[in-house]
Protein chains: 2
Amino acid sequence: MEHIIIIGGVAAGAKAASKIRRENPHVRISMYNKGKFISYSACGLPYFIENLVEKPEKLLIRSPKDFEDKYKVKVFTEHRVTKIHPTQYQVDIVDLNSNEKSTEQYSKLLLATGAHVCIPNIEGTGLENVHILKSIEDAIAIKDKMPKCKKVIIVGGGYIGIELAEAFIQGGKDTTVIEMGPDILSHLDDEMSQEVHTYLTHEKNLHIMTNNKVTKLIGNKEGKVSAVQTESGKELACDLVILSAGVGPSVDIAKDAGIAIGKTGAIKVDRRMQTNIRDIYAAGDCTEQVNMITDKPVWIPLGSTANKQGRVAAINMTGGDAEFTGILGSSITKAFEYSMAKTGISAKEAEELGYNYVCATITNKDRSGYIPGAENITIKLIADKDSKKLLGAQIIGKGDTDKRINVIATALTAGMTVKEFQHIDLSYSPLFSTSIDPIIVATYELLKKL
Amino acid sequence: MEHIIIIGGVAAGAKAASKIRRENPHVRISMYNKGKFISYSACGLPYFIENLVEKPEKLLIRSPKDFEDKYKVKVFTEHRVTKIHPTQYQVDIVDLNSNEKSTEQYSKLLLATGAHVCIPNIEGTGLENVHILKSIEDAIAIKDKMPKCKKVIIVGGGYIGIELAEAFIQGGKDTTVIEMGPDILSHLDDEMSQEVHTYLTHEKNLHIMTNNKVTKLIGNKEGKVSAVQTESGKELACDLVILSAGVGPSVDIAKDAGIAIGKTGAIKVDRRMQTNIRDIYAAGDCTEQVNMITDKPVWIPLGSTANKQGRVAAINMTGGDAEFTGILGSSITKAFEYSMAKTGISAKEAEELGYNYVCATITNKDRSGYIPGAENITIKLIADKDSKKLLGAQIIGKGDTDKRINVIATALTAGMTVKEFQHIDLSYSPLFSTSIDPIIVATYELLKKL
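A few points on the structure.

Calculation criteria
Residues numbered from 1 in each chain as written. Chains lettered and ligands numbered in written order. Predicted model: local features only at pLDDT ≥ 70, side-chain atom pairs only at ≥ 80, totals over all residues. Heavy atoms only, no water. Helix = DSSP H or I, 4+ residues; strand = E, 2+ residues; numbered from the N terminus. Rg over C-alpha atoms; globule rule 2.2 N^0.38 Å. Buried < 20%, exposed > 50% of the residue type's maximum accessible area, 1.4 Å probe, protein only. Contact = heavy atoms within 4.5 Å. Areas by Shrake-Rupley, 256 points an atom, 1.4 Å probe, with all protein chains shown as cover. Lys, Arg positive; Asp, Glu negative; His and termini not counted. Charge placed at Lys NZ, Arg CZ, Asp CG, Glu CD. Salt bridge = Lys/Arg side-chain N within 4 Å of Asp/Glu carboxyl O. 1 Å grid on protein atoms, 1.4 Å probe; cavity = no way out; pocket = protein on both sides within 12 Å on 5 of 7 lines; lining within 4 Å. Points joined across faces, edges and corners; volume = space filled by probe spheres on them. Nonpolar A, V, L, I, M, F, W, Y, C, P; charged D, E, K, R; others polar. Pairing = 2+ DSSP bridges. Axes fitted to C-alpha atoms, helices over the stretch in contact; angles between N-to-C directions. Right-handed = clockwise from strand over helix to strand, strands pointing away. Phe/Tyr/Trp six-rings, centres within 6.5 Å; stacked < 30°, edge-to-face > 60°. Lys NZ or Arg CZ within 6 Å of the ring centre and 35° of its normal.

## Some thoughts on the overall build of chain A
Within chain A, the regular secondary structure consists of twelve helices and 25 strands. Relative to a compact globule of 450 residues, whose C-alpha radius of gyration would be 22 Å, chain A shows 23 Å and is just as compact. Principal axes of the C-alpha set define a box for chain A whose edges measure 65 × 60 × 40 Å. A total of 450 residues make up chain A; the buried ones form 60% of that total. When contacts within chain A are restricted to residue pairs at least 6 apart in sequence, those whose partners lie at least 24 apart make up 61%. Carbon and sulfur atoms make up 47% of the accessible area of chain A, which amounts to about 17700 Å² in all. Taking the 55 positively charged and 55 negatively charged side chains of chain A as two groups, their mean positions are separated by 2 Å.

What follows is the structure in structure tokens.
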């Protein structure tokens, strides 16, 4: 009998399991997950820590019981797949509770091993009250520590670092973000990061140290972290440290099995989510994607991508035909009233990649100024002088950024030129936008420069 | 010296005036407006009546003084242009206060005469407390009456009727909408209108009578409206009536001057906003547009269109080159927590036009279900079975409809097929959407049917 084994059950894996069942009512499906929780929203973890979401159970999409009863998927939590034998169509498994080892035969295999937090190679990362945030277990551990902590240091100013900073400040903690690079949120262009930086430090009392590296975590007699030391020699007292300075794709067992790894360090897959080895598919954070703008491989691990890839893999693994054509790196983050959205490539990426590009930036109200709650948004559009096409956009501010970034994402997917794009007919009501939407105003500016 | 005369100063006219000045610092510009107020947001009038906007001045974008000082535009309010003499390049003008008549020479003329409310041809429309809503003056008059009124009848369930209904209910009035057609918001498909209808009657206590025609307005001894009589013979007591059963383009002087009128009854213009008569342009609610989906002329008067057309006319009237390529009829309305958005054509329009079309409707949460404030939206997508392209969408609900409708509007402008559209990479955070956005879920459903 056909047997599909899925390694990893959080986003891509869980999505694939349910979709495989919908596509094929008969195939045997087993899902192995090293953690206790499967099928949950990892993107929601900062909001659980912030207490916007009270209970971790709320983040669960489907329970193991749901999978077993509704989808007839056999779920093995706290089980690790330790080795893949592609020629024998076998995997070795260890039960993390009993340490019992076993071997299972598969007809098709899906790798959804996800990503992991990179622990910096410095002294003191093993101290108590030093945490990472990847799983529900991590989030519960951090939330448990919060009542007793006063000074939090977050190592890394990426979007998870900034989402966590909000959670800690909302919890009344003295919070510092230490970022190695020139500014937080490095996926944005510098002046956009700088605007968010200013907002967070001036209006929200977040401490941000940029161009700074943590060289050591210092503990007290009880083995708890009590300070961090930075490259500049400074010592900063703290009682909780979150390591959030980077993530990497979890590809060890894939590599070991001879599955091709791309330049980005993640698993190489084709549009059907197939690896280089027959009957082995991969989806989610462990895989690399193609950037639809540059046509180059990138590794941008996002929950939206993982879910779509899981779906595509499931369709193909059950004899269907679906494609995942690539990503734009569309993303959005919120920190208090500010949201920061991006799609396509930034000006600095365009520069690196050698595009002959041009930018236009405007700041406008997000709806008619007389409507209570109208707020500013800053829109930066990037276009290619040669092809006259849009390359990307960044939108930040207290106003409504998400609806605008998705319009640009759609235009990018369609490969619209700026000239074509100016004619989009967006819905207008004073409650929702200005009569000529800020995106169009920005587009008029961009046209002048092309 | 060149002299540009603009007839009408609310949306398209005011926009054109400021844009003409930006394009040409020297040309003489005169703007004539029959009302007292120019350059204001007519779309904001219901929110002034609702008191979301306290003072009518808030709705003013630029004052006559702004125009004179900043843009060197000579503004004549309460002046009516009574006749155009195209061969002589002259217009006849009457000062509505002094009744003084004059004639002015123009080198280029812009018609921005807008639209008017159609007063039904029934008895009693001249009674006191019977109002229309078109201008700021109208809105002030209605708002003045509100404190003394208890029972309001709105004749017409279009979006202005519904926006007004919200205003009256918020003001504690017993409010009834009487609609001639089978349901309110007739630009939507029936089942979508029905959902809004149910919401408004069940949750908001609005009375709605459909398939019903008002045949007579009845007055009391003081000449104030006291009841309306309907076709069915029913008499409904009231102390305030708003006539909102239709609008028409204001084209009398255009017609009189031999300017071509389209099938829709509005002025025919090309993409450069030129009429059939040399040096006479038209923009805004008095003109018809081309529907980008059907390539047919339509008359959908909207503030967003008016502003863009005013801009395009201004550029072309000053020697530049710009185009207005058409509309999708994208619109959005709000009634309490519900918003109703549309772009492209509805299923009933597709039916009338003979398309071989298919629809998919889903109801999903607008963001991750565990985030407080997540609400349902219902998405209906319409596609062409022959071309496999999207034709239109309607999105309604308490959740975030506006950002989704604009994504579809962009896809429609780009002429995307449903297959291409499924690959859009939208930004995701649990605060803003589900990991696979409801639009994509609806698209997957649509694909199954194609």
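## Concerning the pattern of salt bridges
All names here are of chain A. One pass over the full model with this rule turns up 43 salt bridges over all chains. In this structure, Glu23 and Lys19 form a salt bridge, with 3.2 Å as the shortest nitrogen-oxygen distance. Of this pair, Glu23 and Lys19 both sit in helix α1 (residues 12–23), separated by four residues, roughly a single helical turn. Note on Glu23: relative accessible area 36%, which makes it partly exposed.

## Observations concerning empty space enclosed by the protein
A full pass over the atoms with the stated rule returns three cavities of 30 Å³ or more. In terms of lining residues, the largest cavity is bounded by 14 residues, among which Lys308 and Phe324 of chain A together with Gln422, His423 and Tyr444 of chain B are the most central. Of all the elements, helix α8 (residues 303–317) of chain A adds the most residues to the lining of the largest cavity, at four residues. Its residues assigned to classes, the lining of the largest cavity comprises five nonpolar, five polar and four charged. As a volume, the second largest cavity reaches approximately 50 Å³. Residues that form the lining of the second largest cavity fall into these classes: four nonpolar, five polar and two charged.

## Let's talk about the sheet that holds strand β6 (residues 101–105) of chain A
All names here are of chain A. In spatial order, the strands read β4-β5-β6; together these three strands make up an open sheet with antiparallel pairing. With partners counted over all chains shown, the strands left at the sheet margins are β4 (79–85) and β6, one partner each. For this sheet the average axis-to-axis angle between neighbouring strands, irrespective of direction, equals 25°.

## Let's talk about the sheet that holds strand β24 (residues 376–384) of chain A
Residue and element names in this part refer to chain A. An order of β21-β22-β25-β24-β23 is seen for the five strands of this open sheet, with the pairing classed as antiparallel. The sheet terminates laterally at β21 (331–335) and β23 (357–365), the two strands that pair on one side only. Ignoring which end each strand starts from, the neighbouring axes of this sheet average 10° apart. Across five bridges, β21 lies against strand β22 (residues 338–344) in antiparallel orientation. Directly across from Ile332, in β22, lies its bridge partner Ala341. Packed on one face of the sheet, helix α5 (residues 159–170) meets β21 and β22 and runs near 25° to β21.

## Topic: the environment of Asn24 of chain B
All names here are of chain B. Along the polypeptide, Asn24 turns up in the loop between α1 (12–23) and β2 (28–33). The buried category is assigned to Asn24, whose relative accessible area is 18%. The spatial distance from the C-alpha of Asn24 to the C-alpha of Thr287 is 25 Å, given a sequence separation of 263 residues.

## What about the pairing of strand β11 (residues 174–178) of chain A?
Residue and element names in this part refer to chain A. Burial analysis of β11 places four of its five residues in the buried class, which makes it a mostly covered element. Here five bridges tie strand β10 (residues 151–155) to β11, and the two strands are oriented parallel to one another. If you follow Val152 over to β11, its bridge partner there is Thr175. For the handedness criterion, the β-α-β arrangement of β10, α5 and β11 is classed as right-handed. Sheet topology note: the β11/strand β12 (residues 207–209) ladder contains three bridges and is parallel. Note that in β12 the partner of Ile178 across the bridge is Met209.

## Looking at the packing of aromatic side chains
Each aromatic ring pair is described using two quantities: the centre-to-centre distance and the angle formed by the ring planes. Taken as a whole and assessed by the stated rule, the structure comprises eight aromatic pairs over all chains. On the numbers, 4.3 Å between centres and 25° between planes, the contact of Tyr199 of chain A with Tyr338 of chain A is stacked. Residue Tyr199 of chain A is found in helix α6 (residues 190–204), and its partner Tyr338 of chain A is found in strand β22; the two are separated by 139 residues along the sequence. No difference in accessibility class separates Tyr199 of chain A from Tyr338 of chain A, as the two residues are buried. Over the ring of Tyr444 of chain B we find Arg311 of chain A, and its NZ or CZ is 3.2 Å from the ring centre.

This is a description of form; function is not addressed.
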